[in-house]
Amino acid sequence: MLELKNINSGYEKLQIINNVSLAASPKEITVIIGPNGSGKSTLLRTIFGMCNVYSGNVVYNKADITKMQTYGIARIGLSYSPQNKNVFGTLTVQENLEMGRDFVEGEKTKIEEEIFSLFPRLKERRFSDARFLSGGERQMLAMARALMDKPEFLLLDEPSAGLSPKIMNEIFRKIVEINELGTGILLVEQNAKQAMEIANKIIVMENGSIAMQGGRELRNEKKVRHLFFGGVV
Amino acid sequence: MTELTSFIPYLLQVLGTIIIFSLVILGMNLSIGFTGMLTVSHIAFFGIGAYAAAISFKLGLGFIEAIVIGTIVTTIISYILARATVKLKSDYLAVASLTLIFMVQIVAQNWDLAGGVFGIKGINRVKLPGFEISPITNQLAYVALMLFILAIVFFLLKKLVQSKFGLIFKGIRDDETAMQSLGYNTEKFKTISLIISSIVAMLGGVLYAHFITVVVPTLITFNDLLLVLGMLVIGGLGSLEGSIIGTIIFYSLPEALRFVEMPEAIIGLARYLVLSVILLIVLYIRPRGIFGKVDINESGQ
Amino acid sequence: MLEVLPQLFINGLITGSIYAIIATAFALTYSVTKFIDFAHAAIVLVAAYAFFSVSSSQFPVLGDSLFTAILISIFTGAIVAVLLKNFVYRAFMNKKASKAVLFIVSIIVYFIAQALVQLAFGTDTKTIKGVEILPIEALGTVFSQIELGIIIAAIIFAGMLFAILKYTKIGKEMRAVADNYELAEIAGINSKEVFLKTYFIAGLFASATGITLGLERAIEPAMASTIMLRAITAAVIGGLGYIPGAIFGGYFLGMAESIMGFYMPSGFKDLFAFALLFAFLIFRPHGIFGKKGRV
């Protein structure tokens, strides 16, 4: 269980997140939507120890990880794929996947097989430098890298950004597949419509706080539809 | 009574040195403290000024001519330096400026007109239109002249940083991208800042040549960078007054040490080490210096 | 006239090897920490003087073997480099010091090192005694076994570094941190540890430079600053932070200096190196191999 309790955070002295509390279950897809600047990305970064937390706690499986270092958080069962610069461009696909994880020899090949069956396109490009990948392939690599650790939770920041509708669909299908295979998803998305379609839980953010949260029934809420009329629908 | 009469020349000596270095620090402060450009080239331009004065003297030219020659050379070189590096990351200017120091020294060492390794001696006349000052026999008059020049430069710089130019410089220092999006040609302004500050430092060199009357290639080297940085940081970035006060403090402390009995060489090195450590501590604790208004961590990228 | 070319070539190879090693150290730390670290020059000094002390000391085991002296000096230098990173740079990095400040700090560190060696050893030039120089003649050129050793050392060092970077875990982590520091942390890499290991390796290289300079030239307090400028020049020529580029830059500079040195007075050899740096900064700041967008 990943919980945020009354989090107030930001960068240096600039506060972005105002008193946010939420809980995400490792079996579900929890989706965070909201207009630009609502603090969605900052929330993920806060969880991963990359922001100043002024008050509140980040609790993961009953352990308080608020003060933990980023690289430590990556090793306890949480993985994060940021929005931009989410792959190591000068490393090959294979090397990207190997990052940040100590593998026992046999274990590594097994995990690789699983990942490559999930992302067959990456297997074809296995020894190419990541900077030569297309946008969609890069997003997949970013997710694949985050999954190599077999995390309990995968935090995704706008994986569909800048992609064509066809690739976007593929990405969302993959996310559902990953969740079905046992990984909890915390998804931040600009593409509210498609995100809500795959969500078990929906959280709507505005100006750094939570405007509303609930289950799939939120999709039909007038206010939610109103918030996104004219956005990416 | 004799102690007093030998004390005054000593005092004038120290005062003169402080004035000279103040000019260099003021120049550095304009580039580094006000515009946020990391450069150590002012030492090189100090050297260029000194040699411009020395060579002018050798050729029989006067004080004003020396300044003009120095200004022309400085403008050309600093323009090239600026053009080459303003578009790039701050690292590049830092490296290029460091290189310039070595280059000036090498040119001075190998140029016959500059006296090669031995330099030029006997620069003992300040030839102004209408009259002459001899810095050796009339130290007071020359120091007065230096003070006068410092005052004018300080006044002009003060006007500059308080003007629109100053605001633009500081804007570039604080957030260059923002300034660009506001429509300012930041490269042009950085170039202007560098040229002006280099000229100020050059003036220090011209004054130096006549003050010490000898100019040699080793007069200002990479090693003096430490002293100069120390004065700049302690006085504070972004504060003109701080530059002068910082120079006074930094220069008078070691002078006070002179009265302690120790072999000269050890004093020199000990002074160096103490200065280094002090500088590190100041940079760590109070990057703002004593009077400065900007954190050095914010200036430069 | 043409008879001198082979000798010039060999000389260029020797000088180039020395430059390549120090340029690599510099490019390595730059690629990972992204600031211009002048303090490699301090490591060069430390290793050179350690080498001098050990090889001229009276202790029977230490003083006799050149090999032991080299080994001790290299590790001393590398350890100093790590200590430097761990205590000085880390302190400033924790305070979120800008690259400009770190550059200044590195210069100060160098000055401290220079003053310390001057205090301890004096300003006179020292040479390594007891090293027999065996001339080797080949293909119309003459060089010593030491110089051959330097060239071989450069090749071995370069080879080892490439192997480390390409095949070992720490090598890949260094590349990851160099590529994207934040993402490396997100991926679970302890970047502070990576920095320390990087500095250890770079320290080995810088120490090796100090030793080769001690054997090939002479040891005196000012020996390191000009070689540092050469290192930076070589790294810029090859593209700042790009290690193969730095190696190329080192040899390029070495060759160019060797040829220039034949036709011009020695002072201008230095001027040439710096003028070259300037030229690159103006026309091709990303170096020969760097990518255009990178600056």
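Residues numbered from 1 in each chain as written. Chains lettered and ligands numbered in written order. Predicted model: local features only at pLDDT ≥ 70, side-chain atom pairs only at ≥ 80, totals over all residues. Heavy atoms only, no water.

A short note on the overall build of chain A
In plain terms, the rule: Counting from the N terminus, the helices are DSSP H or I runs at least four residues long and the strands are E runs at least two residues long. For a compact globule the rule gives 2.2 Å times the number of residues to the power 0.38, and the radius of gyration it is set against comes from C-alpha atoms. The rule is simple: take the accessible area with a 1.4 Å probe, protein chains only, and divide by the maximum for that residue type; under 20% is buried, over 50% is exposed, in between is partly exposed. Contacts between residues were defined by any pair of non-hydrogen atoms, one from each residue, lying within 4.5 Å. Accessible areas in this description were obtained via Shrake-Rupley with a 1.4 Å probe; residue shielding takes into account the shown protein chains only. When charges are tallied, Lys and Arg are placed among the positive residues and Asp and Glu among the negative ones, while His and the ends of the chain are skipped. By convention, the charge on Lys lies at NZ, on Arg at CZ, on Asp at CG and on Glu at CD.
In terms of regular secondary structure, chain A is built from nine helices and 10 strands. Its C-alpha radius of gyration of 17 Å places chain A within 12% of the 17 Å reference for a compact globule of 233 residues. Its C-alpha atoms give chain A principal-axis dimensions of about 45 × 40 × 30 Å. Counting over 233 residues, chain A shows a buried share of 55%. Put simply, of all contacts in chain A between residues at least 6 apart along the chain, 66% involve residues at least 24 apart. Accessible surface for chain A amounts to roughly 10,400 Å². Of this, 50% is attributable to carbon and sulfur atoms. Side chains of chain A give 30 positive and 27 negative charges; the mean places of these two sets differ by 4 Å.

Here's the deal with the pattern of salt bridges
Side-chain pairs of opposite charge can arise where the charged atoms are in close proximity. Residues and elements named next belong to chain A. To be explicit about the condition: Take a side-chain nitrogen of Lys or Arg and a carboxyl oxygen of Asp or Glu: if they are within 4 Å of each other, that pair is a salt bridge.
Summed over the entire model, instances satisfying the criterion amount to 17 salt bridges over all chains. Among the salt bridges present, the one from E158 reaches K40, with a minimum N-O distance of 3.9 Å. Remark: K40 occurs in helix α1 (residues 40-47) and E158 occurs in the loop between β7 (153-157) and α7 (165-180); sequence separation between them is 118 residues. A residue is classified by how much of its surface remains accessible, and E158, at 9% relative accessible area, is buried.

Description of unusual backbone geometry
Residues and elements named next belong to chain A. The phi torsion at K85 lies on the positive side, around 45°, for a residue other than glycine. Note on placement: K85 falls in the loop between β6 (78-81) and α3 (93-98). A relative accessible area of 67% means that K85 is categorised as exposed. A positive phi angle, near 50°, is found at K150, a position not held by glycine. With respect to the helices and strands, the residue K150 is situated in the loop between α6 (135-147) and β7.

Brief notes about the sheet that holds strand β4 (residues 52-60) of chain A
Residue and element names in this part refer to chain A. Using the following cut-off: One requirement defines pairing of two strands: DSSP has to find at least two bridges between them. Throughout, an axis means a line fitted to C-alpha atoms (over the contacting stretch in the case of helices), and angles, computed between N-to-C directions, take values from 0 to 180 degrees.
The four strands lie next to each other as β2-β1-β4-β5, forming an open sheet whose pairing is antiparallel. Every other strand in the sheet has two partners, leaving β2 (14-24) and β5 (63-64) as the edge strands with one partner each. Judged from the seven bridges that link them, strand β1 (residues 2-11) and β4 form a sheet pairing that is antiparallel. Within the sheet, the bridge partner assigned to E3 lies in β4 and is V59. Lying over the sheet, α1 contacts β1, β2 and β4, oriented at roughly 110° with respect to β1.

Re the interface of chain B and chain C
The test is simple: Two parts placed together each lose some accessible area under a 1.4 Å probe, and adding up what both lose gives the buried area. The definition of a polar contact used here is a pair of N or O atoms within 3.5 Å, where within protein one atom must be able to donate a hydrogen and the other to accept one, and adjacent residues in sequence count solely through side-chain atom pairs.
Taken together, the 39 residues of chain B in the interface contact 45 residues of chain C. Both sides of the chain B and chain C interface together cover about 4,100 Å² of buried area, and 81% of this is carbon and sulfur. Between chain B and chain C we count zero salt bridges in total. There are zero residue pairs in polar contact (both at pLDDT 80 or more) connecting chain B and chain C.

What to know about a nonpolar patch on the surface
Quick reminder of the rule: For patches, a residue must show more than 30% relative accessible area and have no salt bridge; joins then use 9 Å for like charges and 5 Å for nonpolar side chains, namely Val, Leu, Ile, Met, Phe, Trp and Tyr.
Nonpolar side chains collect at one region of the surface, where B:I64, B:V68, B:I72, B:I76, B:Y79, B:I80, C:I282 and C:F283 lie side by side and expose about 770 Å² of accessible area between them. When residues of the nonpolar patch are traced back to their parent elements, those giving at least two are α3 (63-85) of chain B together with α12 (266-283) of chain C. Take the nonpolar patch: its biggest share by element is six residues, from α3(B). Mapped onto the secondary structure, B:V68 falls in helix α3. Of the residues examined, B:V68 reaches a relative accessible area of 43% and is grouped as partly exposed.

Some thoughts on helix α6 (residues 164-174) of chain B
An α-helical turn contains 3.6 residues, so any two residues separated by three or four positions project in the same direction. Every buried residue of α6(B) is accounted for by B:G166, B:I168, B:F169, B:G171, B:I172 and B:R173. The N-cap residue of α6(B) is B:S163: its side-chain oxygen and the backbone nitrogen of B:F165 are 3.1 Å apart.

Quick notes on the sheet that holds strand β10 (residues 209-215) of chain A
All names here are of chain A. Read from one edge to the other, the open sheet built from six strands follows the order β6-β7-β8-β3-β9-β10, with strand pairing classed as mixed. The sheet is open, and its two edges are formed by β6 and β10, each paired on a single side. For this sheet, the mean angle separating the axes of adjacent strands, direction not counted, is 15°. As defined by bridge partners, strand β3 (residues 29-33) adjoins strand β8 (residues 184-189) across five bridges and the pair is classed as parallel. The residue bridging V31 from the neighbouring strand is L187, located in β8. Contacts from α1 reach β3, β6, β7, β8 and β9 (201-206), with the element oriented near 145° to β8.

Topic: the arrangement of the chains
Looking across the two pairs of chains in contact, one finds the most contacts between chains B and C. What separates chain A from chain B at the closest point of their C-alpha atoms is a distance of 14 Å, and the two make no contact.

Remarks on the packing of helix α10 (residues 223-238) of chain C against α12(C)
All names here are of chain C. Note the cut-off: Each helix crossing is assigned a hand: it is left-handed if the near helix lies turned anticlockwise from the far helix by less than a right angle, otherwise right-handed if that turn is clockwise. Basically, the charged four are Asp, Glu, Lys and Arg, the nonpolar ten are Ala, Val, Leu, Ile, Met, Phe, Trp, Tyr, Cys and Pro, and anything else, Gly included, counts as polar.
Here α10 crosses α12 at 35°, and the two axes come no closer than 10 Å. Handedness of the crossing formed by α10 with α12: left-handed. Facing α10, whose interface residues are L229, R230, T233, V236 and I237, α12 presents D270, A273, F274, L276, L277, F280 and L281. In terms of residue class, the contact of α10 with α12 is made up of nine nonpolar, one polar and two charged.

Digging into the packing of α3(B) against helix α8 (residues 186-212) of chain B
All names here are of chain B. Viewed as axis vectors pointing N to C, α3 and α8 meet at an angle of 145°, and their least axial separation amounts to 8 Å. Considering only the axes of α3 and α8, their crossing is right-handed. Each of F63, I67, G70, T71, T74, T75, S78, Y79, L81 and A82 in α3 lies in contact with α8, whose residues at this interface are T191, L194, I195, S198, I199, M202, L203, V206, L207 and H210. Within the contact of α3 with α8, the residues separate by chemical class into 12 nonpolar, eight polar and no charged.

A short note on helix α6 (residues 145-167) of chain C
All names here are of chain C. Quick note on the threshold: Residue count minus one, scaled by 1.5 Å, sets the expected span of a helix.
In this model α6 runs 32 Å from its N-terminal to its C-terminal C-alpha over 23 residues, within 8% of the 33 Å that 1.5 Å per residue would give. For α6, every residue scored as buried is listed here: I146, E147, I150, I151, A154, F157, A158, L161 and L165. Buried residues belonging to α6 abut α1 (4-33), β2 (141-144), α7 (169-179), α9 (191-216) and α11 (243-263).

Brief notes about the environment of B:A151
Residues and elements named next belong to chain B. Along the chain, the position of A151 falls in helix α5 (residues 139-162). A relative accessible area of 44% places A151 in the partly exposed class. Remark: the alpha-carbon pair of A151 and I19, spanning 132 residues in sequence, is separated by 9.7 Å.

Thoughts on the packing of aromatic side chains
Applied cut-off: Note on aromatic pairs: the rings of Phe, Tyr and Trp (six-membered ring only in Trp) are paired at centre separations within 6.5 Å, and the planes decide the class, stacked below 30 degrees, edge-to-face beyond 60, tilted for the rest. Geometrically, a charge over a ring is one whose NZ (Lys) or CZ (Arg) sits within 6 Å of the ring centre while staying within 35 degrees of the ring normal.
Inspection of the entire model under this criterion finds 22 aromatic pairs over all chains. Residues C:F75 and C:F200 carry aromatic rings whose centres are separated by 6.3 Å and whose planes lie at 40° to one another, so their mutual orientation is tilted. Linking C:F75 in helix α4 (residues 66-94) with C:F200 in helix α9, this pair joins segments that are 125 residues apart in sequence. By the ring-pair criterion, three or more aromatic residues cluster together here, those being B:F165, B:F169, B:Y184 and B:F189. Cation over ring: A:K174 sits above A:F119, and NZ or CZ is 5.9 Å from the ring centre. Taking the ring centre of B:F189 as reference, the NZ or CZ of B:K188 above it sits at 5.4 Å.

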